[in-house]
Amino acid sequence: MLTAGIVPVVVLEDHALAADLGRALLAGGIPVAEVTFRTDAAARSIEEMSQVDGMLVGAGTVVSPEQVDAAVDAGARFIVSPGLLPSVVRRAQERGVAIVPGAVTPSEIMTALSLGLDTVKFFPANVYGGPSALGALGAPFRQVKFIPTGGVSLDNLPDYLGLPNVAAVGGTWMVKPEFLANRDFDQVTELSRAAVAAAAAARK
Ligand code: 3PG
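Because the structure is predicted, anything quoted here is derived from the model rather than measured.

Undergrad: Could you give me a rundown of the site of the ligand, with the residues and numbers involved?
TA: Surveying the vicinity of the ligand reveals the residues Val9, Arg38, Lys121, Phe123, Thr149, Gly150, Gly151, Gly171 and Thr172. Here arginine 38 contributes a side-chain N or O atom positioned 2.4 Å from an oxygen atom of the ligand. A distance of 2.7 Å separates an oxygen atom of the ligand from a polar side-chain atom of threonine 149. For the ligand, the protein covers 80% of the area, taking 320 Å² as the surface of the free molecule. When the residues that make up the shell around the ligand are grouped by side-chain class, the tally is two nonpolar, five polar and two charged.

Rendered as structure tokens:
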């Protein structure tokens, strides 16, 4: 999940686009996607994108234990949540999938640690202080890795990925709604390629 350094956050209204989208991301060098439970098409989209060889598909915006079950039943290999609910974390652990909950305050980060986690989502990163907040949190929480999302773009991605406690960044910028509406998968591949190149340069 963390190898490419980028986790596309995907909102699919139509599951019929899922496989093509997976192939487009993969062609751009991103073998992972977080398919969000923001639409009714999420579970079916996870199922279909998981059929694409080489794609690691997870579920995002998972806010209840029931959604953890729906996601895992559909084939999700990891779960991402915008916040931290112990019941969601525990259900993912029971189902044997990786879970990345949102945690932005020291107390939330400590709760995540107490649940046996060492990687959390930092969302919305642009609102909660961006790279300077992550730098400051690195002092007391040396063992914690963050996945910032929210306002991350090709322009500011190096500011995040250059930090030692950032495991990857996430975002929607390479899968914009208009690309999906127009079936413009070449754009997805092109923006993915640019993101992968920027991530590799930032991590050197
Ligand atoms: C997420 O759930 O991580 C966010 O919706 C991503 O935010 P972005 O649209 O600013 O990339």
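Undergrad: Provide a residue-level description of the pattern of salt bridges, including the pertinent values.
TA: Per the counting criterion, the structure on display carries eight salt bridges. A salt bridge links aspartate 69 to arginine 95; the nearest nitrogen and oxygen atoms lie 2.8 Å apart. Separated by 26 residues along the polypeptide, aspartate 69 in helix α3 (residues 65-74) and arginine 95 in helix α4 (residues 86-95) bring together distant segments of the chain. Overall, the relative accessible area of 32% leaves arginine 95 in the partly exposed class. Between arginine 95 and aspartate 73 there is a salt bridge, with the nearest N and O atoms lying 2.8 Å from each other. Of the two residues, arginine 95 sits in helix α4 while aspartate 73 sits in helix α3, which places them 22 residues apart along the sequence.

Undergrad: Describe empty space enclosed by the protein, listing the residues and the values that go with them.
TA: The tally for this structure, following the rule as stated, stands at one cavity of 30 Å³ or more. What lines the largest cavity is simply Met1, Val7, Val9, Glu34, Val80, Val100, Lys121, Ile147, Thr149 and Gly170.

Undergrad: Please set out the layout of surface pockets residue by residue, giving values where relevant.
TA: If you add up the space inside the largest pocket, you get close to 180 Å³. Looking at the largest pocket, the residues that line it are Val11, Glu13, Asp14, Leu17, Thr172, Val175, Lys176, Pro177, Leu180 and Ala181. A class-by-class count of the residues in the lining of the largest pocket yields six nonpolar, one polar and three charged.

Undergrad: Just give me the short version of the pairing of strand β7 (residues 145-148), but keep the residues and values in it.
TA: Bridge count for strand β6 (residues 119-122) against β7 is four bridges, and the pairing is parallel. The residue bridging phenylalanine 122 from the neighbouring strand is proline 148, located in β7. After leaving β6, the chain enters helix α6 (residues 130-137) and then returns to the sheet as β7, a path that is right-handed.

What counts and how
- Residues numbered from 1 in each chain as written.
- Predicted model: local features only at pLDDT ≥ 70, side-chain atom pairs only at ≥ 80, totals over all residues.
- Heavy atoms only, no water.
- Near = heavy atom within 4 Å.
- Polar contact = N/O pair within 3.5 Å; in protein donor to acceptor, adjacent residues only side chain to side chain.
- Areas by Shrake-Rupley, 256 points an atom, 1.4 Å probe, with all protein chains shown as cover.
- Nonpolar A, V, L, I, M, F, W, Y, C, P; charged D, E, K, R; others polar.
- Salt bridge = Lys/Arg side-chain N within 4 Å of Asp/Glu carboxyl O.
- Helix = DSSP H or I, 4+ residues; strand = E, 2+ residues; numbered from the N terminus.
- Buried < 20%, exposed > 50% of the residue type's maximum accessible area, 1.4 Å probe, protein only.
- 1 Å grid on protein atoms, 1.4 Å probe; cavity = no way out; pocket = protein on both sides within 12 Å on 5 of 7 lines; lining within 4 Å.
- Points joined across faces, edges and corners; volume = space filled by probe spheres on them.
- Pairing = 2+ DSSP bridges.
- Right-handed = clockwise from strand over helix to strand, strands pointing away.

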